[in-house]
Amino acid sequence: TVRMRGYMRKIVKSLGVGVAFAAIAGGCALASDNLTLQTCAAIASGISGTAISALYEYIDTQGQGLKMWFKTHFSKRNSDIFLSFSYLYRIEVDGKYLMVAGHRISAQYQPVGGVYKYYDEAKPFLDSIKYIVHTKNGNTDETDDLRISVKGKYLLKFYEWFSGMDNREYDPRREFFEELIEPGYLPAEKFKDFKYRKVSVHNVGLTYSEFHQEDEWIHADIFELKLSGEQKELIRQAVANYPEKLCLVSPDEIKRRAQVGSDRTNLGTNAPWILE
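Residues numbered from 1 in each chain as written. Predicted model: local features only at pLDDT ≥ 70, side-chain atom pairs only at ≥ 80, totals over all residues. Heavy atoms only, no water.

**Observations regarding the overall build of the protein**
Consideration 1: Helices and strands together make up the secondary structure of the protein, namely 8 helices and 10 strands.
Consideration 2: Looking at the protein residue by residue over its 276 residues, the buried ones come to 43%.
Consideration 3: Expressed as a percentage of contacts within the protein between residues at least 6 apart in sequence, the contacts between residues at least 24 apart total 71%.
Consideration 4: Accessible area of the protein: about 14800 Å², with a carbon and sulfur share of 54%. (Helix = DSSP H or I, 4+ residues; strand = E, 2+ residues; numbered from the N terminus. Buried < 20%, exposed > 50% of the residue type's maximum accessible area, 1.4 Å probe, protein only. Contact = heavy atoms within 4.5 Å. Areas by Shrake-Rupley, 256 points an atom, 1.4 Å probe, with all protein chains shown as cover.)

Here's what the structure looks like:
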């Protein structure tokens, strides 16, 4: 496009200026001890640094690096990319971590959490990047999930919107209540107020998904729950009362995604993310 060609001309121009002045600086540095030449070298070095900084400003990576920028602007520009942007809880009790039975995959246990949702006000933006609701996982009744597909050229634009937290869910309390309070596993009055903090982000960039048969970008914010002694005891009781729905697993079991019982399948692929 005309916009893209203009964009690339700016990049080439900045790079050319930077290289030219870097060469001048190098030449001056090899010259004599003449004060004028030394001054010339310092000025050329400063200009080259400024030009290279300007070049990086043109390449807006949204903190995802140049590799992601090149993929989304060139090799994957018109490819469909599956996006899943979610949050998970790290809930530790007695050195083990709470897992809950999954809804869609029978007998699979995974961390409490789920995909962020977007609000109606986000529709104009999402329509502008030509998003497609992704329902291959059977989530046909949850079309407001941030589980969507877009072309590669819109990927960093989407991430900029997501990072701004406008018109989307960003408080992770909903899934905690839906998965633990509403089914009756934990008493609502004892978890009306709870503390949490964001401790890490699972984000390995673009990878190819054999399951979806397309490239994907999986992002998960990891929140650690700060529990009182009473709340920990209530979780112990819930695990004992609902062994088919809840379990506590060790870090070693999570890393190996080992079976946690004779009638249970492996832990979900997202379980190790809470330890990152």
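**Some details on the side chain of histidine 134**
Consideration 1: Counting through the fold element by element, histidine 134 comes out in the loop between strand E6 (132-133) and strand E7 (147-151).
Consideration 2: Side chain to side chain, histidine 134 and glutamate 214 meet in a polar contact 3.2 Å long. (Polar contact = N/O pair within 3.5 Å; in protein donor to acceptor, adjacent residues only side chain to side chain.)

**Focus on the packing of aromatic side chains**
For any pair of aromatic rings, the description consists of the separation of the ring centres together with the inter-plane angle of the planes.
Consideration 1: Considering all chains together, one arrives at 24 aromatic pairs under this definition.
Consideration 2: Taken together, a centroid distance of 5.9 Å and an interplanar angle of 70 degrees make the contact between tryptophan 69 and phenylalanine 74 edge-to-face.
Consideration 3: Residue classification places phenylalanine 74 among the partly exposed residues on the basis of a relative accessible area of 42%.
Consideration 4: Residue placement shows arginine 168 over the ring face of tyrosine 116; its charged tip is 4.9 Å from the ring centre.
Consideration 5: Seen from the ring of phenylalanine 194, arginine 173 lies directly overhead, with NZ or CZ sitting 4.6 Å from the centre. (Phe/Tyr/Trp six-rings, centres within 6.5 Å; stacked < 30°, edge-to-face > 60°. Lys NZ or Arg CZ within 6 Å of the ring centre and 35° of its normal.)

**Considerations on helix H3 (residues 65-75)**
Consideration 1: Within the sequence span of H3, burial applies to Met68, Trp69, Thr72 and His73. All buried residues of H3 lie within an arc of 115 degrees about the axis, which places them on one face of the element. Residues Lys67 and Ser75 are exposed on H3 and point more than 90 degrees away from its buried face. (Arc of directions from axis to C-beta.)

**Examining a nonpolar patch on the surface**
Consideration 1: A contiguous nonpolar patch, built from Leu66, Phe70 and Phe74 and spanning about 280 Å² of accessible area, is present on the exposed surface.
Consideration 2: Note on placement: phenylalanine 70 falls in helix H3.
Consideration 3: By relative accessible area, which is 45% here, phenylalanine 70 ends up partly exposed. (Patch = residues over 30% accessible without salt bridge, like charges linked within 9 Å, V, L, I, M, F, W, Y side chains within 5 Å. Salt bridge = Lys/Arg side-chain N within 4 Å of Asp/Glu carboxyl O.)

**Points about the nonpolar core**
Consideration 1: Core analysis: the largest hydrophobic core is formed by 47 residues, its most contacted members being Ile91, Phe158 and Phe176.
Consideration 2: In this view, isoleucine 91 contacts Lys96, Tyr97, Leu98, Val112, Phe176, Leu180, Leu225, Leu227 and Ile235; residues no more than four positions away in its chain are not counted.
Consideration 3: In this structure, Leu88, Ile218, Cys247 and Val249 belong to the second largest nonpolar core, which totals 16 residues. (Core = buried A, V, L, I, M, F, W, Y, C linked by side-chain atoms within 4.5 Å.)

**A look at the pairing of strand E8 (residues 195-209)**
Consideration 1: One ladder, built from 12 bridges, connects E8 with strand E9 (residues 214-226); its direction is antiparallel. Paired with arginine 197 across the strands is glutamate 224, a residue of E9.
Consideration 2: Counting the residues that bridge the hairpin from E8 to E9 gives 4 residues, and of these glutamine 213 lies at a positive phi of roughly 60 degrees. (Pairing = 2+ DSSP bridges.)

**Side note on the side chain of aspartate 145**
Consideration 1: Mapped onto the elements, aspartate 145 comes out in the loop between E6 and E7.
Consideration 2: Among the residues examined, aspartate 145 registers a relative accessible area of 5% and is labelled buried.
Consideration 3: For aspartate 145, the side chain forms a polar contact with the side chain of lysine 117, separated by 2.7 Å.

**Re the pattern of salt bridges**
Consideration 1: Going through the model one piece at a time under the given rule, you end up with 17 salt bridges.
Consideration 2: One salt bridge connects arginine 174 with glutamate 178, and the closest N-O pair in it is separated by 3.3 Å. Here arginine 174 and its partner glutamate 178 are both found in helix H6 (residues 173-181), 4 residues apart, which amounts to about one turn of the helix.
Consideration 3: Salt-bridge contacts for glutamate 224 lead to arginine 197; the nearest nitrogen and oxygen are separated by 2.8 Å. On the criterion of sequence distance, the pair formed by glutamate 224 in strand E9 and arginine 197 in strand E8 is long-range, its members being 27 residues apart.
Consideration 4: You can call arginine 197 partly exposed: its relative accessible area is 45%.

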